[in-house]
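Observations on the three-dimensional arrangement
Chain by chain, the residues:
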Amino acid sequence: MVFLLALVLFINYVDRGTLSTALPLIIGDLKLDDEQAGRLLSAFFWTYTLMQVPVGWLAERFGGHRVLAIGLVLWAGSTLLTGVVHSFAALMVLRLMLGLGESAGFPCVSKILAVVVPANGLGLANGIVGFAYLFGPAVGTYFGGQLMAHYGWRSAFLVFGAASLLWFIPWSRVAGRVAAVHVSSKADADSPTFRAILKTPAMWGTGLGLFSSNYVFYFMLTWLPTYLMRERGLSTADMATMAGLAFLANAVSALGAGWLIDRHIARGGSKNFAYKSVMAMAHVGSVVCMLCMALGGKDLALASMFVYQVLCGASSPGVYAMSQTLAGPKASGRWVGVQQCMGSFAGVVSPWAAGAIIDHTHRFTNVFLAAAAVSLLGLVGWVWMIPKLQELSWPKKAPAAQAPVALT
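To start, this report covers the structure provided alongside it.

Thresholds, definitions, all that
- Residues numbered from 1 in each chain as written.
- Predicted model: local features only at pLDDT ≥ 70, side-chain atom pairs only at ≥ 80, totals over all residues.
- Heavy atoms only, no water.
- Axes fitted to C-alpha atoms, helices over the stretch in contact; angles between N-to-C directions.
- Helix = DSSP H or I, 4+ residues; strand = E, 2+ residues; numbered from the N terminus.
- Parallel < 35°, antiparallel > 145°, perpendicular 65-115°, else oblique.
- Contact = heavy atoms within 4.5 Å.
- Nonpolar A, V, L, I, M, F, W, Y, C, P; charged D, E, K, R; others polar.
- Core = buried A, V, L, I, M, F, W, Y, C linked by side-chain atoms within 4.5 Å.
- Buried < 20%, exposed > 50% of the residue type's maximum accessible area, 1.4 Å probe, protein only.
- Phe/Tyr/Trp six-rings, centres within 6.5 Å; stacked < 30°, edge-to-face > 60°.
- Expected span 1.5 Å × (residues − 1).
- Bend = angle between axes of the 7 residues up to and from the residue.
- Patch = residues over 30% accessible without salt bridge, like charges linked within 9 Å, V, L, I, M, F, W, Y side chains within 5 Å.
- Areas by Shrake-Rupley, 256 points an atom, 1.4 Å probe, with all protein chains shown as cover.
- Salt bridge = Lys/Arg side-chain N within 4 Å of Asp/Glu carboxyl O.
- Lys, Arg positive; Asp, Glu negative; His and termini not counted.
- Polar contact = N/O pair within 3.5 Å; in protein donor to acceptor, adjacent residues only side chain to side chain.

Section: the packing of helix α3 (residues 52-62) against helix α4 (residues 64-82)
Between α3 and α4, whose axes approach to 7 Å, the crossing angle comes to 130°. Judged by the inter-axis angle, α3 sits oblique to α4. For the pair α3 and α4, the contacting residues are Val55, Leu58, Ala59 and Phe62 in the first and Gly64, His65, Arg66 and Val67 in the second. Residue composition of the contact of α3 with α4, grouped by class: five nonpolar, two polar and one charged.

Structure follows, in structure tokens:
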């Protein structure tokens, strides 16, 4: 289950990142300005963000295995159709559909992981999942870039969209086991109310932390190919290689960090210290990397790009393992849904704001400076607002009132 869940999030990130790789070519083909390009990148997050909370509820009500499968059909179809449209308006509609489908990813995966994986194994499980979805941009950027260089930008959307549907073949063999897990967890009468989850300060801390992390991550994910080609003078093929290697470093770092954190905890180390120290290091380091990419020369900027990706990868297991630990199996779907809603709002703001700033200044400097400032907020969310990392004690539900019995 862990590897199939990792695979579906790998597909999720390959499909969502294809537009970023194709963007320089689409801008020229459809005669778009930078503000329109930023709006196009941002549109995905409009529906993606709005649907996180409903999808978290649906995952706990009807089963993450079902919601995830429906979501994949929507996003694979949207990816396929992107390869045949010829207008900005049509691209906008398909990006909205893509966001709607891909919103199923993290709430459903987190719900299933929290139920099937023991608490002391969540670091490695989320490291495997983190490796997969962070490896997605590496594969998508490199192979998508090569396809575009030889066959045009539309080819990548057609190939990736069709390939995404193949996930159903292995998933159909384990869906029955996932359904049994859903029935078992759904029957738990001690599941906390949604109101109790919303009243938890730690939940808002994870949301703020994810917003900060995602602001920088989504800016890099969506605008890095254009930055490398326009600001640093790389060709399409060189951009695909350099960005692909950077995203690969991110993925490997996630897997290694998840394994090391679980190993540290297994030896008696503090789970609280392990996760929070990695988060603090990642956010402080991200500030330094953004400043170097904004103000440094080409070599320093490219080196800083790789350092940022390593730090980002190291923090990724904690993003969901911390929430799964705090919420526990009873509330992880709804908790991560709210957390994802807050974090994904960064995807609405970051690509569009970056496009507007670049369109106005014709440079990337101010965009990197803004990303550095937002990265500091992560220290507040991940370190200060979250208490000791352990499953929270949820208030018990009040027993249902019984109807009065008439005496005769």
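Examining the nonpolar core
Judged by nonpolar contacts, the single largest core of 128 residues is most densely connected at Met220 and Met290. With 16 residues, helix α1 (residues 2-30) is the single largest residue contributor to this core. If near-sequence neighbours (up to four positions away) are discounted, methionine 290 is found in contact with Val216, Met220, Tyr308, Phe368, Ala371 and Ala372.

Looking at the packing of aromatic side chains
The final tally for this structure, using the stated rule, is 24 aromatic pairs. A centroid spacing of 6.1 Å and a plane angle of 50° characterise the contact between tyrosine 13 and phenylalanine 217, whose relative ring orientation is tilted. Of this pair, tyrosine 13 sits in helix α1 while phenylalanine 217 sits in helix α11 (residues 201-231), placing them 204 residues apart in sequence. For the pair tyrosine 13 and phenylalanine 217, a shared accessibility class is recorded, and that class is buried. Between phenylalanine 44 and tyrosine 48, the aromatic rings sit 5.0 Å apart at their centres with planes inclined by 25°, giving stacked as the arrangement. With phenylalanine 44 and tyrosine 48 both in helix α2 (residues 34-50) and four residues apart, this pair spans about one turn of that helix. Taken as a pair, phenylalanine 44 and tyrosine 48 share a single burial class, namely buried.

Brief notes about α1
An α-helical turn contains 3.6 residues, so a residue and the one three or four places further along point in the same direction. For α1, which comprises 29 residues, the first-to-last C-alpha distance of 41 Å matches the rise-based estimate of 42 Å (1.5 Å per residue) to within 8%. In α1, a bend of some 60° at leucine 23 exceeds every other bend along the element, and proline 24, a proline, comes one to four places later. Most of α1 sits inside the fold, with 23 of its 29 residues counted as buried. Residue lysine 31 follows α1 closely and has a positive phi angle near 60°.

Re a nonpolar patch on the surface
Side chains of Ile70, Leu74, Val93, Met97 and Leu100 sit close together on the surface and give an oily, nonpolar patch of about 400 Å² of accessible area. Those elements giving two or more residues to the nonpolar patch turn out to be α4 and α5 (88-102). At three residues, α5 tops the list of elements feeding residues into the nonpolar patch. Residue class for leucine 100 comes out partly exposed when judged on its relative accessible area of 35%.

Comments concerning unusual backbone geometry
Although it is not a glycine, lysine 31 sits at a positive phi angle of roughly 60°. Relative to the elements of secondary structure, lysine 31 occurs in the loop between α1 and α2. Positive phi, normally seen in glycine, also occurs at histidine 362, with a value near 65°. You can see histidine 362 is positioned in the loop between α15 (332-361) and α16 (365-375). On the basis of relative accessible area, histidine 362 is assigned to the exposed category, the value being 58%.

Regarding the side chain of arginine 232
Inspection of the secondary structure puts arginine 232 in the loop between α11 and α12 (236-266). The side chain of arginine 232 sits in the buried core without any salt bridge; glutamate 231 is the nearest counter-charge, 5.8 Å away. From its side chain, arginine 232 meets the backbone oxygen of methionine 293 in a polar contact 3.3 Å long. Among all residues touching arginine 232, those that are not within four sequence positions of it are Tyr227, Met293, Gly296, Gly297, Lys298 and Ala301.

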